[in-house]
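Structure assessment
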Amino acid sequence: MDNDKHLKGTTTVGIVCTDGVVLATEQRATMGHFIASKTAKKIYQIDDMVGMTTAGSVGDAQQIVRIISVESKLFKMRRQESVTIKGITTLLSNMLSGQRYYPLMVQLLIGGVDKNGPAIYSLDALGGSIEETRAVSTGSGSPMAYGVLEDRYTEDMTVVEGVDLAIRALHNAMKRDSASGENIDVVVITKDNYERLDPEEVMKKRELLN
């Protein structure tokens, strides 16, 4: 069995804002107590304005990304429009529930902006999905992240404010969770743009929290 099947440990955050969504993760991948990577990729672009965060088995997550990216491209070719975020979530939910006897060991956040506006959905390993209307966190450090998110989230938050909140929540989780990493990856999605923040910009924002 491939080693990447065993890479685990993470914290991911998703925040619904008035003008888009923010997805953020730390970047450590572990095998038991061994740190296999400090720059693991855990946010994947699966459509023009849709991203997915992954927590759990890296191998399973990469398999899901490959399949759902192809499905969204096929949908666009057939219909001449992008699949909605709810539609992508339904496809993923069916895929995961179909594997219930050999489950893919992942927790996913699907987020982006479509014709209905900003949206984030969370999915568990058996395909259960929930629409998240505020802020959400998955993975081993999520209890610590939720403490910050629930305290500081506001309904009228912009993506600029959402970026600061996501970094603060992950920074807090990473100090207390041994399975979460050192670096933070942040993606901002609006109706016109899918942007991965520069690591130096993220580091400067973190330094202000110390």
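Everything below is about the structure printed above this text.
Just so it is clear, the model here is predicted, and its values are computed rather than measured.

**Focus on the packing of helix α1 (residues 58-79) against helix α2 (residues 85-97)**
Contact geometry for α1 and α2: axes closest at 11 Å, N-to-C directions at 135 degrees. Comparing their axes, α2 and α1 come out oblique. Two packed elements cross with a definite hand, and for α1 against α2 that hand is right-handed. Contacts between α1 and α2 involve Ile 64, Ile 67, Ile 68 and Glu 71 from the first element and Ile 88, Leu 91, Leu 92, Met 95 and Leu 96 from the second. Taken together, the residues of the contact of α1 with α2 break down into eight nonpolar, no polar and one charged.

**Observations concerning the environment of Asp 198**
Mapping Asp 198 onto the fold places it in the loop between β12 (194-196) and α5 (199-207). Counting along the chain gives eleven residues from Asp 198 to Val 187, while the straight-line C-alpha distance between them is 9.6 Å. Within the structure, the side chain of Asp 198 is placed 2.8 Å from the backbone nitrogen of Glu 200, a separation counted as a polar contact.

**Things to note about unusual backbone geometry**
Of note in this structure, Gln 80 is not a glycine but carries a positive phi near 60 degrees. Take Gln 80: it is sitting in the loop between α1 and α2.

**Topic: the pairing of strand β1 (residues 11-17)**
Consecutive side chains along a regular strand alternate between the two faces of the sheet. β1 sits mainly inside the fold: seven of its seven residues count as buried. Of the strand pairs in this sheet, β1 and strand β10 (residues 135-139) are connected by five bridges, and their pairing is antiparallel. Counted as the bridge partner of Ile 15 is Ala 135 from β10. With six bridges joining them, β1 and strand β2 (residues 20-26) adopt antiparallel strand pairing. When the bridges of β2 are listed, Val 16 appears paired with Val 21. Connecting β1 to the next strand, β2, in antiparallel fashion are two residues.

So, how was this worked out
Residues numbered from 1 in each chain as written. Predicted model: local features only at pLDDT ≥ 70, side-chain atom pairs only at ≥ 80, totals over all residues. Heavy atoms only, no water. Axes fitted to C-alpha atoms, helices over the stretch in contact; angles between N-to-C directions. Helix = DSSP H or I, 4+ residues; strand = E, 2+ residues; numbered from the N terminus. Parallel < 35°, antiparallel > 145°, perpendicular 65-115°, else oblique. Left-handed = near helix turned anticlockwise from the far one by under 90°. Contact = heavy atoms within 4.5 Å. Nonpolar A, V, L, I, M, F, W, Y, C, P; charged D, E, K, R; others polar. Polar contact = N/O pair within 3.5 Å; in protein donor to acceptor, adjacent residues only side chain to side chain. Buried < 20%, exposed > 50% of the residue type's maximum accessible area, 1.4 Å probe, protein only. Pairing = 2+ DSSP bridges.

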